[in-house]
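Structure assessment
So you can see what is in the structure, the chains are spelled out below.
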Amino acid sequence: MKVKIEESWREVLQTEFDKEYFENLVDFVRNAYKTILVYPKGNKIFNAFNLCSFKDTKVVIIGQDPYHEEGQAHGLCFSVPKDINIPPSLVNIYKEIENDLGIKPSNNGDLTRWAQQGVLLLNSTLTVEAHKAGSHQNKGWEVFTDAVIKILSEKKEHLVFLLWGAFAIKKSSLIDKTKHLVLSSPHPSPLSAYRGFFGNKHFSKTNEYLIQNNISPIQW
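Residues numbered from 1 in each chain as written. Predicted model: local features only at pLDDT ≥ 70, side-chain atom pairs only at ≥ 80, totals over all residues. Heavy atoms only, no water.

**Remarks on the nonpolar core**
Phe 49, Trp 114 and Phe 144 are the most contacted members of the largest nonpolar core, which has 59 residues in total. Element by element, the count of residues in this core is highest for helix α6 (residues 141–155), at 6 residues. If near-sequence neighbours (up to four positions away) are discounted, Trp 114 is found in contact with Ile 61, Ile 93, Tyr 94, Ile 97, Val 119, Leu 121, Phe 203, Gln 219 and Trp 220. (Core = buried A, V, L, I, M, F, W, Y, C linked by side-chain atoms within 4.5 Å. Buried < 20%, exposed > 50% of the residue type's maximum accessible area, 1.4 Å probe, protein only. Helix = DSSP H or I, 4+ residues; strand = E, 2+ residues; numbered from the N terminus. Contact = heavy atoms within 4.5 Å.)

Written out as structure tokens, the structure is:
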């Protein structure tokens, strides 16, 4: 199956695109876009991959679902376009960056600048029905994104995986911890950030690890 995605990702994911589950997933997603309101826009489904190539990936942040309200989702976990209010979890991410590194928070929620530096902002599910969180779970996306995590773990070295919250932390079983750094904490949501997301220092720890392995750090 031909999927519009950045070329270095196509090379490592083509075997997934050819599997029956993925063809069924594509059929489901195409039908959904024809019949109901789905986010993000179709040309943004693989935005995380198109902005952060396989060969340039240094850091992986794992989210769960795209945002499901108008204008929010644009294919990058935790991120929203510049003209959209910054979501509460991202407000807390910015607070931790300021506390950890002394960097003043951005005035917008667009994390494209991270993606372009090698941060793969990967939601486990890449589409969602408007106003219905989790509506496209268990349709095949998780099989695909789990394969992405496994391929990154197997084919690359010295990646940093940031796993925030119970859902993301479960993905640690897919990662070879002898080759990569896995940092886990509670989710940055207002419901859980005070249980250990604040003070996790994941952003300085990420850059320290990258520098130790002769990889340029992220400008958070």
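**Quick notes on a negative patch on the surface**
The grouping of Asp 18, Glu 20, Glu 23 and Asp 27 at the surface amounts to a negative patch. Positionally, Asp 27 belongs in helix α2 (residues 20–35). A relative accessible area of 47% means that Asp 27 is categorised as partly exposed. (Patch = residues over 30% accessible without salt bridge, like charges linked within 9 Å, V, L, I, M, F, W, Y side chains within 5 Å. Areas by Shrake-Rupley, 256 points an atom, 1.4 Å probe, with all protein chains shown as cover. Salt bridge = Lys/Arg side-chain N within 4 Å of Asp/Glu carboxyl O. Lys, Arg positive; Asp, Glu negative; His and termini not counted. Charge placed at Lys NZ, Arg CZ, Asp CG, Glu CD.)

**Some remarks on the sheet that holds strand β2 (residues 59–63)**
Pairing in this open sheet of 4 strands is parallel, and the strands run β3-β2-β5-β6 from one edge to the other. Among the strands making up the open sheet, the edge pair consists of β3 (119–123) and β6 (181–185). Neighbour to neighbour, the strand axes of the sheet diverge by 20° on average, direction disregarded. The pairing of strand β5 (residues 160–164) with β6 spans 5 bridges and is classified as parallel. Each bridged residue has a counterpart across the sheet, and for Leu 162 the counterpart in β6 is Leu 183. (Pairing = 2+ DSSP bridges. Axes fitted to C-alpha atoms, helices over the stretch in contact; angles between N-to-C directions.)

**Description of the packing of aromatic side chains**
Enumeration over the complete set of coordinates arrives at 19 aromatic pairs. Between Trp 9 and Phe 49, the ring centres sit 4.9 Å apart and the planes meet at 85°, which makes this aromatic pair edge-to-face. One end of the pair, Trp 9, is in helix α1 (residues 7–17); the other, Phe 49, is in helix α3 (residues 47–51), and 40 residues separate them in sequence. By the burial criterion, Trp 9 is buried, and Phe 49 matches it. What links up through ring pairs into an aromatic cluster is the set Trp 9, Phe 17, Tyr 21, Phe 22, Phe 46, Phe 49, Phe 54, Trp 141 and Phe 144. (Phe/Tyr/Trp six-rings, centres within 6.5 Å; stacked < 30°, edge-to-face > 60°.)

**Digging into the environment of Pro 186**
Positionally, Pro 186 belongs in the loop between β6 and α8 (202–212). When the C-alpha atoms of Pro 186 and Gly 196 are compared, they prove to be 5.6 Å apart, with 10 residues separating the residues in sequence. Other than its neighbours up to four places away in sequence, Pro 186 contacts Trp 164, Gly 165, Ser 192, Arg 195, Gly 196 and Phe 197.

**Description of the pattern of salt bridges**
Under the definition given, this model contains 6 salt bridges. Among the ionic pairs, Lys 19 bridges to Glu 16, the shortest N-O distance being 2.8 Å. Exposure remark for Lys 19: the relative accessible area of 38% places this residue in the partly exposed category. Here Lys 132 ties to Glu 129 by a salt bridge, and the two come within 3.5 Å at their closest N and O atoms.

**What about the side chain of Ser 89?**
By the secondary structure assignment, Ser 89 is in helix α4 (residues 88–101). Once residues within four sequence positions are removed from consideration, Ser 89 is found in contact with Phe 78, His 187, Pro 188, Ser 189 and Pro 190.

**Notes on unusual backbone geometry**
Cis geometry is adopted by the peptide bond preceding Pro 40, which originates at Tyr 39 and carries an omega value of -5°. Relative to the elements of secondary structure, Pro 40 occurs in the loop between β1 (38–39) and α3. A positive phi angle, close to 65°, is found at His 131, a residue other than glycine. Among the secondary structure elements, His 131 is positioned in the loop between β4 (128–129) and α6. We classify His 131 as exposed; its relative accessible area is 52%. Phi at His 158 takes a positive value of approximately 60°, unusual for a residue other than glycine. Within the secondary structure layout, His 158 lies in the loop between α6 and β5. A residue is classified by how much of its surface remains accessible, and His 158, at 28% relative accessible area, is partly exposed.

**What about the state of the cysteines?**
Going through the model one piece at a time under the given rule, you end up with 0 disulfides. In this structure Cys 52 is a free cysteine whose sulfur lies 11 Å from that of Cys 77, the closest cysteine sulfur available. Assessed through its relative accessible area of 1%, Cys 77 is described here as buried. (Disulfide = S-S within 2.5 Å.)

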